[in-house]
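So the chains spell out like this:
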2 protein chains.
Amino acid sequence: MSPRRSVADARQTRAVILDRAMEKASIEGLDGLTIGRLAADLGMSKSGLLGHFGSKESLQLAVLDAASAVFAREVVARAGGTPAGMSRLVALCDAWVSFLERGVFPGGCLFTAAAAEFDDRPGPVRDAVAGIHARWQEHLRRHVRQAVTDGDLPADTDSEQVVFELVGIVLALNHALQLNNDRRAPERARDAIARLLCGRLLSEYSGLPPGIPGIRA
Amino acid sequence: MSPRRSVADARQTRAVILDRAMEKASIEGLDGLTIGRLAADLGMSKSGLLGHFGSKESLQLAVLDAASAVFAREVVARAGGTPAGMSRLVALCDAWVSFLERGVFPGGCLFTAAAAEFDDRPGPVRDAVAGIHARWQEHLRRHVRQAVTDGDLPADTDSEQVVFELVGIVLALNHALQLNNDRRAPERARDAIARLLCGRLLSEYSGLPPGIPGIRA
DNA sequence: CCTACCGATCGGTAGG
DNA sequence: CCTACCGATCGGTAGG
């Protein structure tokens, strides 16, 4: 074994850097993340770290890629066993809430934090953040439309409206968890989602009989 | 007139600084705001600017105070003419959506941006942000409860749940406006709010007849 | 992967 | 309100 590291070692180092960078970025933001402090945390030099990415912007893009992979594993894959359409939609939303409830990223949703930081700064990072959000919302929309096709949602359901409201519920959840440490927020989010998608918990929420005729056959 | 400025002049200068600081903070965040660039924007020296506040943290707290005053004027006061309870709640929500639609802060909701930045950083700024959010949500909750008392919402309405969902809708609106420049988002937000509070637009949204029995008498 | 360094900028202070 | 300055830290580079 020579002191020169192999390609595999370099890849492993890169993965370790990105794991730590995701944690820090969820807490401090993608821009609040600095190369110097990240390197110090990892016990390596700034230039040693930067060598893996080339620039801070490239590091930020790599962090977004890595975080997308985490989201795919912790949310999308967990719902993969259910049939497309309403079942998948419900499973995706449940996994999404669980993702925040479990605190997969210690500082809350990295994408939400990145969106707030970069929404007014044109460039590759903003484009990447917007693309991640667009792809996820399209993914949800696809299953809303499938649910409509299957007759599980009314024929004239506005899929964009449903996704808009789902996003809102989860943003409110992230907000309540991060700012107020409100442990009841995940239940509130699940109730809101169930009511939006199925009217299932409307009875518990407002005293109405379960099921709004027309929403759920 | 001596070259030494009066107390009134100093107060005016402070107000001008805070106006510009609010604009920049809504775009760059409360921490992204730097004394040097803010001073350069205003054509004054860093130390001249810092003399009005003492430290960056004090400037951040002053910006939050000033932004609260803007919110009180642009949202709360606009709904002040309507009776407490359901009417006021609807007017507050409409003014809230309008506040974002009109772009009162050029970079979107300063409070949302500040919450994302400071939710993981204990200290006076985080406390101020959390306090502003808590007061606003309590304000909304008060009118939800009044609406229940008046019989405009069901007796077992969970006021915290309603406020949680209202916050989510407006967070989704801010998100859609800032990240996607989605001009239809304000209408989506109004639809979602109306459906949440009154079931009024449920017919347009999902084909149901207007009014869910029990939600709105 | 390191040390050693660069110019720029940060928040803040001294002194007037 | 200014100029002039402080130490610290930023992203990044040179050279090995």
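Here, the structure is the one placed above.
Quick summary incoming for the structure in this document. (Residues numbered from 1 in each chain as written. Chains lettered and ligands numbered in written order. Predicted model: local features only at pLDDT ≥ 70, side-chain atom pairs only at ≥ 80, totals over all residues. Heavy atoms only, no water.)

1. A closer look at the environment of A10(A)
Structurally, A10(A) is set in helix α1 (residues 7-28). Each C-alpha atom of the pair A10(A) and R145(A) lies 44 Å from the other, and the pair is 135 residues apart in sequence. (Helix = DSSP H or I, 4+ residues; strand = E, 2+ residues; numbered from the N terminus.)

2. Remarks on the nonpolar core
Nonpolar side chains in soluble globular proteins tend to end up buried together. Formed by 137 residues in total, the largest nonpolar core has its most connected members in V63(A), L64(A), W96(A), V63(B), L64(B) and W96(B). Excluding residues within four positions of it along the chain, L64(A) makes contact with L30(A), L110(A), F111(A), A114(A), V125(A), A128(A), V129(A) and I132(A). (Core = buried A, V, L, I, M, F, W, Y, C linked by side-chain atoms within 4.5 Å. Buried < 20%, exposed > 50% of the residue type's maximum accessible area, 1.4 Å probe, protein only. Contact = heavy atoms within 4.5 Å.)

3. Details of the protein's contact with DNA strand C
Around DNA strand C, 17 residues are found, and the nearest of them are T13(A), S45(A), S47(A), K46(B) and K56(B). Restricting attention to atoms of DNA strand C within 4 Å of the protein, one finds that 50% of them are sugar or phosphate atoms. Between DNA strand C and R37(B), the relevant distance is 3.3 Å, taken from a phosphate oxygen to a side-chain nitrogen or oxygen of the residue. For the surface near DNA strand C, the secondary-structure elements that each account for two or more residues are α3 (46-50) of chain A together with α2 (35-42) and α3 (46-50) of chain B. Of the residues that constitute the surface near DNA strand C, the class distribution is 4 nonpolar, 9 polar and 4 charged. (Near = heavy atom within 4 Å. Polar contact = N/O pair within 3.5 Å; in protein donor to acceptor, adjacent residues only side chain to side chain. Nonpolar A, V, L, I, M, F, W, Y, C, P; charged D, E, K, R; others polar.)

4. Thoughts on unusual backbone geometry
Residues and elements named next belong to chain A. With a phi close to 50 degrees, N181 is a non-glycine residue in the positive phi region. Tracing the backbone shows N181 in the loop between α8 (159-180) and α9 (185-197). We classify N181 as exposed; its relative accessible area is 59%.

5. Points about the interface of chain A and chain B
The parts lose accessible area when they come together, and the size of an interface is often stated as this lost area. At the interface, 47 residues of chain A touch 47 residues of chain B. Approximately 4,100 Å² of surface area, both sides summed, lies buried where chain A meets chain B, with 57% of it carried by carbon and sulfur atoms. Connecting chain A to chain B are 8 salt bridges. Here D158(B) and R188(A) are joined by a salt bridge, their closest N and O atoms 3.0 Å apart. If you look at where chain A meets chain B, you find 16 residue pairs in polar contact (both at pLDDT 80 or more). Breaking the side of chain A that touches chain B down by element, the ones donating at least two residues are α1, α6 (110-118), α7 (124-149), α8, α9 and α10 (202-206) of chain A. Broken down by element, the side of chain A that touches chain B gets its largest block of residues, 14 residues, from α8(A). (Buried area = accessible area lost by both parts, 1.4 Å probe. Salt bridge = Lys/Arg side-chain N within 4 Å of Asp/Glu carboxyl O.)

On their own, these measurements won't tell you what the molecule is for.
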